[in-house]
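# Observations on chain architecture
So the chains spell out like this:
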Amino acid sequence: MMKNGILDYYNSLAKTYDENRFGNSYGQYIDQQEKNFLTAFFRNKKYSRILDLGCGTGRLLDFATHGTDFSIKMLNIAKEKYPGKVLLKGEISKIPFDDEFDCIFCFHVIMHQTKIETKLFLNECHQKLNKSGILLFDYPTKSRRKAISPQEDWHAGNRFNTAEILQFSEGQWKLKNTKGILLFPIHRLPKSIRKYFLLPDILLCKTFLKRWASYHIAVLEKI
């Protein structure tokens, strides 16, 4: 999907995005895993400036001081929910803030980009982080697609393995850790029992089994 097509797509979804994407058992399953990760990551860290890059309607803005999104319709909803946050329209390769951040996180965005756009994203975040700043972003895993979801029309086409993330860093980043998200094929299970798989999923995604999770969250440190 081209950039303008993605923008039109998210603009059209803005009003119903929260309900349709995260108001059901599948969306809540992912949402809780991501919030569990962010809660643990930010615990005891004294960051003064945190950017939610691609903040959408503000699902994760509780963890950030600033936010940006390229869909003005999504951003307007975020502004209604979080009037105290600093929110500006922008793109992942054109962050609309001059000051540096302690941490930038970017979820459910890189999957829609090309490899070239991913490199531009990494370069832009490197410029916008302070010394030893941290970048968190998620991406679909190659191991998962090969083993479980080999169909060519899978929407999350921009997928990686750990080695490729290191290649893309080009000496600018240190890979500190990766965390798995969504190990169980929860969409294939009855809705009534999905919640019982959440805690085991979170725990197993901290082990070697995270290799086969649907997504990884990379924790990169600026060098």
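Our subject in this report is the structure included herewith. Every value quoted in this text rests on a predicted model; they were computed, and no experiment measured them. (Residues numbered from 1 in each chain as written. Predicted model: local features only at pLDDT ≥ 70, side-chain atom pairs only at ≥ 80, totals over all residues. Heavy atoms only, no water.)

Across its full length, the chain holds eight helices and seven strands. Against the 2.2 N^0.38 benchmark of 17 Å for 223 residues, the chain shows a C-alpha radius of gyration of 17 Å, consistent with a compact globule. With 223 residues in all, the chain has 50% of them scored as buried. Looking at charge distribution, the chain has the averaged site of its 35 positive side-chain charges lying 6 Å from that of its 23 negative ones. (Helix = DSSP H or I, 4+ residues; strand = E, 2+ residues; numbered from the N terminus. Rg over C-alpha atoms; globule rule 2.2 N^0.38 Å. Buried < 20%, exposed > 50% of the residue type's maximum accessible area, 1.4 Å probe, protein only. Lys, Arg positive; Asp, Glu negative; His and termini not counted. Charge placed at Lys NZ, Arg CZ, Asp CG, Glu CD.)

Pairing is mixed across the open sheet formed by seven strands, whose spatial order is β3-β2-β1-β4-β5-β7-β6. A strand with exactly one partner marks an edge of an open sheet, and here the two such strands are β3 (86-89) and β6 (173-181). Strand after strand, the sheet turns through a mean of 15° between neighbouring axes, direction not considered. Looking at chain direction, strand β4 (residues 101-106) and strand β5 (residues 129-140) are connected through five bridges and run parallel. Across the sheet, C106 pairs through a bridge with F137, a residue of β5. Here helix α3 (residues 25-42) sits on the sheet and contacts β1 (50-53), β4, β5, β6 and β7 (215-222); the angle it forms with β5, its principal contact strand, is near 160°. (Pairing = 2+ DSSP bridges. Axes fitted to C-alpha atoms, helices over the stretch in contact; angles between N-to-C directions. Contact = heavy atoms within 4.5 Å.)

By the element assignment, H126 lies in helix α5 (residues 115-128). Overall, the relative accessible area of 13% leaves H126 in the buried class. Apart from the residues within four sequence positions on either side, H126 is in contact with Q172, W173, K222 and I223. A polar contact is formed between the side chain of H126 and the backbone oxygen of Q172, at a distance of 3.2 Å. (Polar contact = N/O pair within 3.5 Å; in protein donor to acceptor, adjacent residues only side chain to side chain.)

For the structure shown, the criterion picks out twelve aromatic pairs. Taking the centre distance of 5.1 Å and the plane angle of 85° together, the rings of F41 and F42 count as edge-to-face. The exposure class assigned to F42 is buried, which follows from its relative accessible area of 13%. In this structure, K45 is placed above the aromatic ring of F41, and the distance from its NZ or CZ to the ring centre is 4.3 Å. The lysine or arginine in question, R59, covers the ring of F22, its NZ or CZ lying 4.1 Å from the ring centre. (Phe/Tyr/Trp six-rings, centres within 6.5 Å; stacked < 30°, edge-to-face > 60°. Lys NZ or Arg CZ within 6 Å of the ring centre and 35° of its normal.)

With that settled, the discussion passes to helix α7 (residues 162-169). Buried residues of α7: E164, I165, F168 and S169, and no others. What you see down the axis of α7 is that its buried residues fit within an arc of 150°, all on one side. Directly beyond the C-terminal end of α7, a positive phi value near 50° is found at E170. (Arc of directions from axis to C-beta.)

Glancing now at the pairing of β4. Buried residues dominate β4, accounting for six of its six residues. Alignment of β1 against β4, held across three bridges, turns out to be parallel. What sits directly across from D52, in β4, is F105. Taken together, β4, α5 and β5 constitute a β-α-β crossover, and its handedness is right-handed. (Right-handed = clockwise from strand over helix to strand, strands pointing away.)

Counting residues in hydrophobic clusters, the biggest one holds 30 residues, and the most contacted among them are F37, L38, F41, F42, F105 and L136. Of all the secondary structure elements, the ones that give two or more residues to this core are α3, α4 (72-81), β4, β5, α8 (198-204) and β7. The element contributing the most residues to this core is α3, with six residues. For F105, the contacting residues outside a window of four places in its chain are F42, I50, L51, D52, L53, L60, F63, A64 and L136. Counting 23 residues, the second-largest nonpolar core is a separate cluster that includes L53, V109, L135 and F137. (Core = buried A, V, L, I, M, F, W, Y, C linked by side-chain atoms within 4.5 Å.)

Note that K206 resides in the loop between α8 and β7. For K206 and M111, which are 95 residues apart along the polypeptide, the C-alpha to C-alpha distance reads 22 Å.

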